[in-house]
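# Commentary on secondary and tertiary structure
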Amino acid sequence: MGRKVTLATCSLNQWALDFEGNLTRILKSIEIAKQKGAKYRLGPELEICGYGCADHFYESDTLLHCFQVLKSLLESPLTQDIICDVGMPVMHHNVRYNCRVIFLNKKILLIRPKMLLANYGNNREFRWFSPWSRPRHVEEYFLPRMIQDVTGQTTVPFGDGVLSTKDTCLGSEICAELWNPRSPHVDMGLDGIEIFTNSSASYHELRKADHRVNLVKSATTKSGGIYLFANQKGCDGDRLYYDGCAMIAINGDIVARGAQFSLKDVEVVSATLDLEDVRSYRGERCHPHMEYEHKPYQRIKTDFSLSDCDDRCLPTHQPVEWIFHTPEEEISLGPACWLWDYLRRSGQAGFLLPLSGGVDSSSTACIVYSMCVQICRAVKDGNSQVLEDVQRVVSDSSYRPEDPRELCGRLFTTCYMASENSSVDTRNRAKDLAAQIGSNHLNINIDMAVKGMLGIFSMVTGKWPQFRANGGSARENLALQNVQARIRMILAYLFAQLCLWAQGKPGGLLVLGSANVDESLTGYFTKYDCSSADINPIGGVSKMDLKCFLQYCVKRFQLTALISILDAPPTAELEPLTDGKIVQTDEADMGMTYSELSVIGRLRKISKCGPYSMFCKLIHSWKETFSPSQVATKVKHFFRMYSINRHKMTTVTPSYHAENYSPDDNRFDLRPFLYNTQWAWQFRCIDNEVAMME
């Protein structure tokens with residue numbers, strides 16, 4: 001009697017609406033799974049069309065093309081003699097569902113709709129899909145004619161059923177159902193289902209991977225079983241990076257795992273496991289006849305075995321240790337992979353970055369350098385897709401990248417944009433870092449453009465504004481800073497469009513931004529300055545994490561130029577120098593430290609705190625440092641800054657999502673942008689508390 005099964009799951013770098021490419025990657029994963037001896041292959045959520053289609057899910061074209069791809073999969077010789085589990089949207093009784101389509105040898109066995117939708121954070125699944133709200137209910141689904149012609153079936157089972165083979169039983173979960181307190185795998189396990197599958201589109205956030213792994217381990221620790229987790233990988237067209245981590249677990253142990261960050265478009269993970277291990281585990285721990293009172297799952301029977309009769313000599317997989325990346329490694333790898341996907345899919349020839357010599361722009365530069373390191377490593381390891389892509393980007397079909405610094409010089413242009421308020425120190429820091437990473441570095445002086453802009457204003461008004469240090473008002477001082485900042489943005493785009501043209505090379509460059517999550521939260525940047533770019537790899541990362549990341553880069557990449565950058569106080573360098581030295585600093589301008597901002601940002605978003613609730617929490621956590629009245633002052637100051645500047649978030653550059661307290665207004669953090677900035681009622685509640693305490 002067969003008892004050992006070989007199963008495969010995968011991570012695929014799918015791209016929204018790229019039906020041709022998505023089909024190719026799905027077929028490749030099935031081919032690899034069969035080469036590994038697997039009889040079942042699981043793929044990511046909505047892998048046929050891509051998870052990030054957003055409002056394209058409303059279009060009938062999306063549904064049509066998904067079925068066309070499904071037809072190609074059913075007809076392909078590669079899909080024969082293996083159970084294939086693919087994801088796509090399906091409309092049933094005029095209702096759109098997020099589904100798994102499970103098929104074998106040109107026959108659809110089951111369409112399983114998602115029951116618990118993700119509708120938090122960056123997810124908006126209720127906008128496009130309805131949940132299947134009938135547990136353990138299965139009904140008929142009438143297939144489109146193009147599918148009927150291939151399968152010979154008119155209807156197939158649709159609903160919350162499970163698949164019963166000759167030797168075992170499989171049940172599906174889809175992404176968020178694993179994270180839900182009423183996960184289907186609990187009831188399925190008690191009903192005798194031995195193999196659980198989860199197809200996900202789970203995106204990267206710093207410090208999140210261990211939660212995902214622990215949930216998978218917990219799912220089979222409680223009642224035994226085998227758990228397969230598939231995930232999307234890469235940038236499929238927006239701010240999110242899906243971070244792979246395909247894995248297989250049995251009875252609480254991870255026995256096979258894929259990479260979290262990788263430039264591979266297709267990664268297949270397989271394992272051979274003994275079903276008797278599940279049965280022995282359950283025989284001691286579970287008594288479903290006593291504990292299970294629900295209606296049993298409808299089993300869809302199929303004349304197919306996942307095991308072979310002669311499998312006694314087939315070795316089974318043993319537990320593996322999962323070593324998680326540090327946050328610094330995650331920042332080095334995740335945004336770098338995202339940048340590469342964006343670059344190769346955008347059709348551009350590289351990146352341009354205004355490099356100021358500060359922590360933020362230096363972090364962006366280091367991420368680009370890390371991207372080059374990963375590209376060279378992938379080519380060395382034989383990744384033909386990466387080699388093909390990099391040759392297309394640099395317009396050289398004979399090019400083979402070996403040195404990250406040399407590749408950086410081809411792909412990456414940095415420019416220091418000096419004004420009369422810039423110091424020699426920051427110019428040298430930018431120059432030294434550019435030399436160490438190998439970027440094509442430019443020194444640009446913007447004073448002529450600034451004077452020209454002010455000259456136009458003076459000609460019209462008869463006035464010439466002055467900095468505060470020279471006797472000007474606060475309004476003049478701010479306007480003069482903003483003029484410098486905005487001219488830098490205009491020049492960045494000019495050079496991005498034309499600097500390759502000036503060198504006789506084809507293509508243009510993507511402009512990179514470098515505003516961190518804390519500056520976005522408070523609005524401590526000029527609207528339409530160098531924070532306005534094409535994309536921003538650090539827009540979801542806190543200042544404190546970026547400093548730790550640069551310390552990591554000093555050791556990991558031997559970028560010693562970063563040491564002086566880390567030692568220097570953060571500054572915008574938009575006000576006049578005093579004796580050649582910087583007097584303007586970020587933290588003085590903001591009225592709080594970046595460390596304090598990080599705490600406040602998490603309370604605002606993650607803990608859902610308004611001004612009063614935030615004050616009530618901080619008087620305890622900051623009691624050793626600040627009095628209640630000082631805490632009140634800081635909270636009020638933050639909310640004034642936040643509300644005055646919230647309008648800036650409506651135009652913020654699309655940023656890599658890395659923090660769950662990101663203030664990104666476009667997808668993640670939906671708030672008004674015209675506030676009553678007095679917060680009169682809220683602040684009065686705080687004042688009343690302070691009065692009672694003091």
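Residues numbered from 1 in each chain as written. Predicted model: local features only at pLDDT ≥ 70, side-chain atom pairs only at ≥ 80, totals over all residues. Heavy atoms only, no water.

Labelled according to an unreviewed UniProt entry, the protein chain appears under the name Glutamine-dependent NAD(+) synthetase, originating from Cyprinus carpio carpio. Among the UniProt annotations of the protein chain, the heading Catalytic activity (unreviewed entry) holds the following wording: "deamido-NAD(+) + L-glutamine + ATP + H2O = L-glutamate + AMP + diphosphate + NAD(+) + H(+)". Within the UniProt record for the protein chain, the comment given under Subunit (unreviewed entry) is "Homohexamer." (UniProt positions renumbered as here; feature names shortened; annotations may be inferred.)

## Some remarks on the pairing of strand E4 (residues 95-104)
For a regular strand, the rule is simple: side chains alternate between the two faces of the sheet. Here E4 lies mainly inside the structure; 9 of its 10 residues are buried. As consecutive antiparallel partners, strand E3 (residues 83-92) and E4 are separated by 2 residues, and within that stretch His 93 has a phi angle of approximately 55°, a positive value. (Buried < 20%, exposed > 50% of the residue type's maximum accessible area, 1.4 Å probe, protein only. Helix = DSSP H or I, 4+ residues; strand = E, 2+ residues; numbered from the N terminus. Pairing = 2+ DSSP bridges.)

## Some words on helix H22 (residues 611-621)
Every buried residue of H22 is listed here: Pro 611, Met 614, Phe 615, Leu 618 and Ile 619. The buried residues of H22 occupy one face: seen down the axis, they fall within an arc of 130°. Exposed and oriented more than 90 degrees from the buried face of H22 are His 620 and Ser 621. Those residues of H22 that are buried lie in contact with helix H21 (594-605), helix H23 (628-645) and helix H24 (680-693). (Arc of directions from axis to C-beta. Contact = heavy atoms within 4.5 Å.)

## Some words on the nonpolar core
With 64 residues, the main nonpolar core has Phe 351, Met 371 and Ile 375 as its most contacted residues. No other element matches helix H11 (residues 359-380), which puts 13 residues into this core. Excluding residues within four positions of it along the chain, Met 371 makes contact with Ala 336, Leu 339, Trp 340, Leu 343, Phe 351 and Leu 411. Counting residues in hydrophobic clusters, the runner-up holds 52 residues, among them Cys 49, Cys 66, Val 90 and Leu 117. (Core = buried A, V, L, I, M, F, W, Y, C linked by side-chain atoms within 4.5 Å.)

## Quick notes on the pattern of salt bridges
Counting across every chain of the model gives 38 salt bridges. For the salt bridge of Arg 127 with Asp 55, the shortest nitrogen-to-oxygen distance reads 2.8 Å. In this pair, Arg 127 is assigned in helix H3 (residues 125-128) and Asp 55 in the loop between strand E2 (40-42) and helix H2 (60-75), connecting sequence segments 72 residues apart. Since its relative accessible area comes to 34%, Asp 55 is described here as partly exposed. Among the salt bridges present, the one from Arg 392 reaches Asp 389, with a minimum N-O distance of 3.0 Å. Of this pair, Arg 392 and Asp 389 both sit in helix H12 (residues 384-394), 3 residues apart, roughly one helical turn. For Asp 389, a relative accessible area of 3% gives the class buried. (Salt bridge = Lys/Arg side-chain N within 4 Å of Asp/Glu carboxyl O.)

## A word on the packing of H11 against helix H13 (residues 404-411)
With their axes 9 Å apart at the nearest point, H11 and H13 run at an angle of 120° to one another. Comparing their axes, H13 and H11 come out oblique. Here the hand of the crossing between H11 and H13 comes out right-handed. Seen from H11, the contacting residues are Tyr 369, Met 371, Cys 372, Val 373, Ile 375 and Cys 376; seen from H13, they are Pro 404, Arg 405, Leu 407, Cys 408 and Leu 411. Classifying every residue of the contact of H11 with H13 by side-chain character gives 10 nonpolar, no polar and 1 charged. (Axes fitted to C-alpha atoms, helices over the stretch in contact; angles between N-to-C directions. Parallel < 35°, antiparallel > 145°, perpendicular 65-115°, else oblique. Left-handed = near helix turned anticlockwise from the far one by under 90°. Nonpolar A, V, L, I, M, F, W, Y, C, P; charged D, E, K, R; others polar.)

## Focus: unusual backbone geometry
Located in the positive-phi region is Leu 46, a residue other than glycine, with phi close to 50°. Inspection of the secondary structure assignment puts Leu 46 in the loop between E2 and H2. For Leu 46, a relative accessible area of 0% puts it in the buried group.

## Looking at the UniProt feature "domain: CN hydrolase" (unreviewed entry) in the protein chain
Mapped onto the present numbering, the UniProt feature "domain: CN hydrolase" (unreviewed entry) falls at residues 5-275. Split by type, residues 5-275 is 26% helix and 34% strand. Its first and last C-alpha atoms lie 7 Å apart.

## Here's the deal with the environment of Asp 687
Among the secondary structure elements, Asp 687 is positioned in helix H24. Distance in space between the C-alpha atoms of Asp 687 and Asn 516 is 32 Å, their sequence separation being 171 residues. Looking at Asp 687, its side chain comes within polar contact range of the side chain of Lys 636, at 2.4 Å. (Polar contact = N/O pair within 3.5 Å; in protein donor to acceptor, adjacent residues only side chain to side chain.)

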